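A look at the structure
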Amino acid sequence: MNDLARQIGFDFLAASWLPQVLTVIVAFVVINISASYLLRHIEKVAARTETVWDDALIRSARKPLTLIIWIVGVAFILQIVHEHTGAPIFGFVVPTRDTVIIIALAWFLLRLISHVTRTVIARNVATGGTLDHTTVDAFSKLGRFSVFIIAALIILQTLGFSVSGVLAFGGIGGIAVGFAAKDMLANFFGGLTIYLDRPFAVGEWIRSPEKQIEGTVEYIGWRHTRVRAFNKNPIYVPNALFTTIVVENPTRMTNRRIKETIGIRYADLDKMAAIVADVRAMLQGHPEIDTDATLIVNFNEFAASSLDFFIYTFTKTVAWVPFHAVKQDVLLKIAAIIQAHGAEIAFPTRTLHLDSVPAGMQTTGSQDSDQNREAG
């Protein structure tokens with residue numbers, strides 16, 4: 001067979017390592033097919049369970065495992081060729097193989113973290129759970145960052161670099177970078193504070209009057225937070241700012257407040273007590289008013305052109321649109337109560353009182369006018 005190969009010009013077919021290479025190729029093809037079949041079977045079994053880890057584990061391992069199988073096979077083939085040829089170029093095989101395997105393992109961990117994050121959030125939404133999606137996203141980002149750093153250090157160690165020297169250099173460089181990028185670091189730690197303290201989450205309405213920030217949180221990153229204003233404009237807020245300002249989170253309110261002052265005419269003073277009593281009774285019986293919260297209805301002030309009473313109460317709903325529907329219903333019922341008592345809601349008026357003029361002054365004034373006319 002070898003003589004025939006040399007005669008027809010294919011010298012490489014006469015190499016003694018070729019049958020070994022072909023055997024390794026066939027073996028690794030079989031291993032790859034078997035591993036794919038086994039993973040598909042395990043995935044079907046894992047899909048019947050309630051846990052999320054087994055599904056994420058199998059889905060994350062498929063592509064990295066295929067890469068590891070083929071890189072090991074290729075490295076094995078190159079080692080066979082190296083042993084028979086002695087070419088120094090094949091000296092890179094072992095470190096390259098180890099580096100690619102480390103990358104594949106890091107890829108597997110990154111895929112695992114992503115799959116688990118998406119599955120946990122999707123299951124929490126489907127079941128109506130109270131899991132904070134912002135916290136899950138924060139741990140997911142922190143996990144991916146840790147995998148990246150650890151993989152990079154292991155690869156440097158594999159390639160012959162001193163990890164301790166790299167860390168020492170990183171410490172010195174970190175000081176310089178810290179001075180040069182202090183704002184970036186401040187934003188990073190500001191984002192970390194948001195993730196840990198959770199003053200707000202994605203989808204919540206926040207506002208800061210001192211910085212004129214108000215809108216719905218759309219995204220929380222390590223550098224900035226994106227807030228969608230009510231006019232639909234995006235506001236990009238550096239995370240460091242949230243460590244120095246007061247942020248109000250109306251989304252987490254327990255109730256919405258109705259606080260109104262209503263005035264009736266001074267002529268209806270005798271009806272004030274009955275009106276206030278009926279308004280209080282109406283609020284206490286209203287199905288959308290939280291009677292466990294503060295509820296006040298009292299005559300409050302002798303105003304310039306009205307007798308004022310105020311209402312102070314809280315609705316059960318915190319949603320913006322339903323709240324205004326409840327408030328409208330309450331105000332209309334108050335107007336009906338005032339009207340039922342024969343009173344009227346006051347509007348700004350001014351009354352002019354004219355004192356009567358004594359008769360003697362009118363006569364004197366008339367005589368003076370006659371004298372003036374005669375003189376003229």
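The notes below deal with the structure included here. Only a predicted model underlies this, so the values are computations on that prediction, with no experimental measurement involved.

1. A word on the nonpolar core
- Formed by 21 residues in total, the largest nonpolar core has its most connected members in Val 279, Phe 309, Ile 311, Val 330 and Ile 334.
- Those elements that provide at least two residues to this core are β5 (256-264), α8 (272-285), β7 (307-315) and α9 (320-340).
- Beyond its immediate sequence surroundings of up to four residues, Val 330 is in contact with Ile 258, Met 282, Leu 283, His 286, Ile 289 and Ile 311.
- In this structure, Ile 213, Val 237, Phe 242 and Ile 245 belong to the second largest nonpolar core, which totals 12 residues.

2. Concerning the pattern of salt bridges
- Applying the stated criterion across every chain yields a total of 11 salt bridges.
- Between Arg 265 and Asp 268 there is a salt bridge whose closest N-O contact spans 3.0 Å.
- Using a relative accessible area of 29% as the deciding quantity, one classes Arg 265 as partly exposed.
- Owing to a relative accessible area of 1%, Asp 268 belongs among the buried residues under this scheme.
- One salt-bridge network, in which partners are shared between bridges, spans Arg 265, Asp 268, Lys 271 and Glu 344.

3. Here's the deal with the packing of α8 against α9
- Between α8 and α9, the shortest axis-to-axis distance is 10 Å and the interhelical angle comes to 145°. Seen from above, α8 lies across α9 with right-handed handedness. Seen from α8, the contacting residues are Ile 275, Asp 278, Val 279, Met 282 and Leu 283; seen from α9, they are Val 330, Lys 333, Ile 334, Ile 337 and Ile 338.
- When its residues are assigned to classes, the contact of α8 with α9 shows eight nonpolar, no polar and two charged.

4. A short note on the sheet that holds β7
- A sheet is described by the order of its strands in space; here three strands give the open sequence β5-β7-β6, paired in antiparallel fashion. Two strands bound the open sheet, and with one partner strand each, they are β5 and β6 (296-302). In this sheet, neighbouring strand axes are inclined to one another by 20° on average, regardless of whether the strands run parallel or antiparallel.
- When β5 meets β7, the two strands line up antiparallel, connected through nine bridges.

The rules behind these values
- Residues numbered from 1 in each chain as written.
- Predicted model: local features only at pLDDT ≥ 70, side-chain atom pairs only at ≥ 80, totals over all residues.
- Heavy atoms only, no water.
- Core = buried A, V, L, I, M, F, W, Y, C linked by side-chain atoms within 4.5 Å.
- Buried < 20%, exposed > 50% of the residue type's maximum accessible area, 1.4 Å probe, protein only.
- Helix = DSSP H or I, 4+ residues; strand = E, 2+ residues; numbered from the N terminus.
- Contact = heavy atoms within 4.5 Å.
- Salt bridge = Lys/Arg side-chain N within 4 Å of Asp/Glu carboxyl O.
- Axes fitted to C-alpha atoms, helices over the stretch in contact; angles between N-to-C directions.
- Left-handed = near helix turned anticlockwise from the far one by under 90°.
- Nonpolar A, V, L, I, M, F, W, Y, C, P; charged D, E, K, R; others polar.
- Pairing = 2+ DSSP bridges.

Function cannot be inferred from these measures alone, as they are strictly geometric.
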